[in-house]
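# Fold and geometry: a report
If you want the building blocks of each chain, they are given just below.
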Amino acid sequence: RIKKNTRTHKSQSINSHHPPSQMSDKKLITYQELSKHITRSDAWIALNGKVINVTPYLAEHPGGEDILLANAGTDATAEFNQKDGGEGHTDYAKSLTEKFYVGDLDVNSEKVEPKREAKVNYRKFTWAQVANHDKDEDCWVVINDKVYDVT
């Protein structure tokens, strides 16, 4: 007599849209684990139940790395979907979530807020100071009241 294997993979759910063949390599990430990845060298966010490693994308993010780092270690779904007054991100941005996918967020795990270091007091610049940095070899830009060196 053959006994069927009735066990399911721990990350498999009854309502999952992933076929069982893909489920075996999925990693389930708790809020506790997610909350540990909050640095410039190791930044993860959760979007729509998926955990994304945004570290390789920090320098390329059109809105700057600060917004990603501010949301690192958290479920940033609401912020991601509310960009531009509720229009959300572009299809290209959404496709990047697949490229940087780490695993599925364990939404049943205990929610944990990341432990961040005290905020840094950034230097403040006048428009005249920013205007002096307008050359190819020394170029600054202002985005959302923050100054970036894009040289």
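Residue positions within a chain follow its written sequence, with the count starting from 1. Owing to the predicted nature of the model, reporting of local features is limited to residues with pLDDT of at least 70; listing and counting of side-chain atom pairs is limited to 80 or more, with chain, interface and lining totals taken over all residues. Note: side-chain values were computed over all heavy atoms of the structure, leaving out hydrogens and water.

## Description of the side chain of Asn 71
Secondary structure is summarised from DSSP: a helix means a run of H or I of at least four residues, a strand means a run of E of at least two, and numbering begins at the N terminus for each. Relative to the helices and strands, Asn 71 is located in helix H3 (residues 65-71). Filtering out sequence-adjacent residues up to four positions away, Asn 71 remains in contact with Trp 44, Ile 45, Ala 76, Glu 79 and Arg 116. Between two residues, a contact is recorded if the distance between any of their heavy atoms is within 4.5 Å.

## What to know about the confidence of the model for the protein
Per-residue pLDDT for the protein has a mean of 80; in total, 77% of the residues score no lower than 70. How sure the predictor is of each residue is captured by pLDDT, a score from 0 to 100. When pLDDT is averaged over each helix and strand of the protein, the minimum, 40, is found for helix H1 (residues 20-23) and the maximum, 97, for helix H2 (residues 31-34). Every residue in residues 1-24 is under pLDDT 50, and counting partners more than four places away or in other chains gives 15 contacts.

## Thoughts on the pairing of strand E7 (residues 138-143)
Pairing between two strands is assigned when DSSP locates at least 2 bridges connecting them. Inspection of the sheet shows strand E6 (residues 134-135) paired to E7 by two bridges, in the antiparallel sense. Bridge pairing in E7 places Lys 135 opposite Asp 138. Taking the residues between adjacent antiparallel strands as the criterion, E6 and E7 are bridged by two residues. The hairpin turn running from E7 into strand E8 (residues 146-149), its antiparallel successor, is two residues long, and Asn 144 in that turn takes a positive phi close to 50°.

## So, the nonpolar core
Put simply, a nonpolar core is a bunch of buried Ala, Val, Leu, Ile, Met, Phe, Trp, Tyr and Cys residues held in one set by side-chain atoms that sit within 4.5 Å of each other. Each residue is placed in one exposure class: buried if its accessible area under a 1.4 Å probe, protein chains only, is under 20% of its type's maximum, exposed if it is over 50%, and partly exposed if it falls in between. Ranked by size, the top nonpolar core spans 15 residues in total, and within it Ile 45, Leu 47, Ile 52, Val 54 and Leu 68 carry the most contacts. The leading source of residues in this core is strand E3 (residues 42-47), at three residues. Apart from the residues lying within four places of it in its own chain, the contact partners of Leu 47 are Ile 52, Ala 76, Thr 77, Phe 80 and Thr 97. Within the second largest apolar cluster, seven residues are counted, among which are Tyr 31, Ala 46, Val 51 and Leu 105.

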